[in-house]
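Structural description and commentary
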Amino acid sequence: MPLTKPPPPPPKPTFDEPSTPKDFNEKFKAKQTTKYMNPCALEEKESMKCLDENNYDKRQCDYYFMQYKECKKKWMEDRRKLRRAGQL
């Protein structure tokens, strides 16, 4: 039986810029210690809405989960840069 090459992976989807507000860092610095702030609230709501609409079938909502993960990843990278620069 000859070996066959596996098919290439599907291309990674492209996303819009995260929905993080421009003044989020100022708001984050001024927040109370115990208050939770989510810069990706819009992406989080969209993914939960998708789950509700699709009877909690996660496979139907992969795009929304990936978008949320990308938003969080970008936000965490930005926070690390600010921390290293001593601005946060």
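Described below are features of the structure shown in this document. (Residues numbered from 1 in each chain as written. Predicted model: local features only at pLDDT ≥ 70, side-chain atom pairs only at ≥ 80, totals over all residues. Heavy atoms only, no water.)

This paragraph deals with helix 2 (residues 41–53). Here helix 2 spans 18 Å end to end across 13 residues, near enough to the 18 Å set by a 1.5 Å rise per residue. Within the sequence span of helix 2, burial applies to Glu43, Ser47, Cys50 and Leu51. All buried residues of helix 2 fall inside an arc of 100° around its axis, so they share one side. Summarising the geometry of helix 2, the exposed residues directed more than 90 degrees from the buried face are Lys45 and Glu53. The elements touched by buried residues of helix 2 are helix 3 (62–84). The first or second residue beyond helix 2 is Asn55, which carries a positive phi of 55°. (Helix = DSSP H or I, 4+ residues; strand = E, 2+ residues; numbered from the N terminus. Expected span 1.5 Å × (residues − 1). Buried < 20%, exposed > 50% of the residue type's maximum accessible area, 1.4 Å probe, protein only. Arc of directions from axis to C-beta. Contact = heavy atoms within 4.5 Å.)

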